[in-house]
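An overview of the molecular structure
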Amino acid sequence: MEEFHKVRRLPPYVFEQVNRLKASARAGGADIIDLGMGNPDLPTPQSIVDKLCEVVQDPRTHRYSSSKGIPGLRRAQAAYYARRFGVKLNPDTQVVATLGSKEGFANMAQAITAPGDVILCPNPTYPIHAFGFLMAGGVIRSMSVEPDASFFEPLERAVRHSIPKPLALILNYPSNPTAFVATLDFYKDVIAFAKKHDIIVLSDLAYSEIYFDGSPPPSVLEVPGAMDVTVEFTSMSKTFSMPGWRMGFAVGNERLIAALTRVKSYLDYGAFTPIQVAATHALNGDGSDIAEVRNVYKRRRDVMVESFGKAGFDVPPPAATMFAWAKIPEKFRHLGSLEFSKLLVEKADVAVAPGIGFGEMGDDYVRLALVENEHRIRQAARNIKKFMSTADETMHNVISLNAHR
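Residues numbered from 1 in each chain as written. Predicted model: local features only at pLDDT ≥ 70, side-chain atom pairs only at ≥ 80, totals over all residues. Heavy atoms only, no water.

Selection rule: UniProt positions are given in the numbering used here, feature names are shortened, and annotations may be inferred rather than shown by experiment.
As annotated in an unreviewed UniProt entry, the protein chain carries the name Aminotransferase and is attributed to Rhizobium laguerreae. Quoted verbatim from the Cofactor (unreviewed entry) field of the UniProt record, the comment on the protein chain reads "pyridoxal 5'-phosphate". Checking UniProt for the protein chain, the heading Sequence similarities (unreviewed entry) contains the comment "Belongs to the class-I pyridoxal-phosphate-dependent aminotransferase family."

Given below as structure tokens:
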């Protein structure tokens, strides 16, 4: 049967090919070191779990919750923005709780997109940034991802040549997958451009607290006037090791937040109330839990950079996020990222995320997630070193699917 219209609009989910290979290898007894999916392995801090257990005992919390988030949770998010960024938010009109930043992005796309609307989206980027708007009937125009002067020339071209004029620009810093970090000066230029051309700015700040050089990444909402055109999405998944809890936020422009809130009110009743109360407890904490998570990822980053480098696989040290973005070693680059990722599972018992899954501009790269302990990361480096040192003998029958390019 013919696929449904919206399903046809979605590109193939390339990560599934690596996932199937990984599952098959594990079923055969292989010990796969999984650096592919960005699924935090650290436990949620005990005080947050304890708060959940305490609140869930109250039968009143078992009822339907609030789609936009309980008032205390929205106040806690507003207080976090005031402490961390110096940004003042009205918790009643400028904050809405989401089921993770991914759901927030997808439903914002549903709220603001008309068929054929042009969305300016970085490439490579986290897939929902493009897929959410594709499912909503939008058209994606790819942009540069590096936050420097080169970012703006494609934007100018897009405004001149896109019909209709672009509706929205997506930002993602610290970036998944590239780990680029934006400066406040860069954000000032972006907001000036957006206001000049009447473009909405949607900023994904999911990795705001996972940084390693002592310089906390800024929020675009720190720019004077940004609130006029911007909504920013955050998540508790990485900051507090709460990925399965599905707790995030959208904050910013009142009109856009109202549109998202209205769409969500038709689609969900919000997160389970005890989860929202526990999330409130986390946001109102002293920050020590966040610091420990950050330190763990920093240690893992340093081990990965050192051990992979010794193995002959150069991994530039990311300044932020829980990922490294590494160019495929020259010997294997002609294969493309998907075939190289498959080879690592088959020959080295290591799973990584192929760069092509984040956009065609990522095909020379793979993303490495810092979700295994330091011992396992070193073991992955040893496995990869062994594979690469014997590749000339073991890969004589491997033919690149991209050899024609």
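Looking at the overall build of the protein chain
Counted only if it meets this: Here a strand is any run of E in DSSP of at least two residues, a helix any run of H or I of at least four, and the numbering for each starts at the N terminus. Only C-alpha atoms enter the radius of gyration, while the globule expectation follows 2.2 Å times N to the 0.38, with N the number of residues. Three labels apply to residues, based on accessible area from a 1.4 Å probe with only protein chains included: buried if under 20% of the type maximum, exposed if over 50%, partly exposed otherwise in between. What makes two residues a contact is simply this: any of their non-hydrogen atoms within 4.5 Å. The accessible surface values rely on the Shrake-Rupley method and a 1.4 Å probe; as for residues, cover is taken only from the protein chains in view. In this count, Lys and Arg are taken as positive residues and Asp and Glu as negative ones, while His and the chain termini are left out. In this description, the location of a charge corresponds to atom NZ of lysine, CZ of arginine, CG of aspartate or CD of glutamate.
Along the backbone of the protein chain there are 14 helices and 12 strands. Its C-alpha atoms give the protein chain a radius of gyration of 22 Å, near enough to 22 Å, the size a compact globule of 405 residues would have. Referenced to the eigenvectors of the C-alpha coordinate spread, the extents of the protein chain come out at roughly 65 × 55 × 50 Å. Across the 405 residues that make up the protein chain, the buried fraction comes to 56%. Sequence separation of 24 or more characterises 76% of the internal contacts of the protein chain that already satisfy a separation of 6 or more. Working note: accessible area of the protein chain is about 17900 Å², and carbon and sulfur atoms make up 54% of it. When the 46 positive and 44 negative side-chain charges of the protein chain are each reduced to one mean point, those points stand 2 Å apart.

Quick notes on the pairing of strand β9 (residues 323–327)
Every other side chain in a regular strand lies on the same face of the sheet, so the side chains alternate between the two faces. Cut-off, in case you're wondering: Should DSSP find at least two bridges between two strands, the strands are taken to pair.
Of all five residues in β9, four are buried; the element is thus mostly enclosed. In the sheet, β9 pairs with strand β12 (residues 365–369) via five bridges, with the strands oriented antiparallel. Residue W325 lies in a different strand from β12, and its bridge partner there is R367.

Considerations on the pattern of salt bridges
Our working definition: Any carboxyl oxygen of Asp or Glu within 4 Å of a side-chain nitrogen of Lys or Arg constitutes a salt bridge here.
The full count for this structure, using the stated rule, is 21 salt bridges. The partner of D185 in a salt bridge is K188, with the nearest N and O atoms 4.0 Å apart. Here the residue D185 and the residue K188 both occupy positions in helix α8 (residues 184–197), the gap between them amounting to three residues, near one helical turn. K188 sits in the partly exposed class, given a relative accessible area of 40%. Residues K310 and E306 are paired through a salt bridge, measuring 3.2 Å at the closest nitrogen-oxygen approach. One end of the pair, K310, and the other, E306, are both in helix α11 (residues 288–310), four residues apart, so they sit about a helical turn from each other. Residue class for K310 comes out exposed when judged on its relative accessible area of 60%.

Quick notes on the UniProt feature "domain: Aminotransferase class I/classII large" (unreviewed entry) in the protein chain
Per the UniProt record, the feature "domain: Aminotransferase class I/classII large" (unreviewed entry) sits at residues 31–382. Segment residues 31–382 splits into 40% helix and 14% strand. End C-alpha atoms: 14 Å apart.

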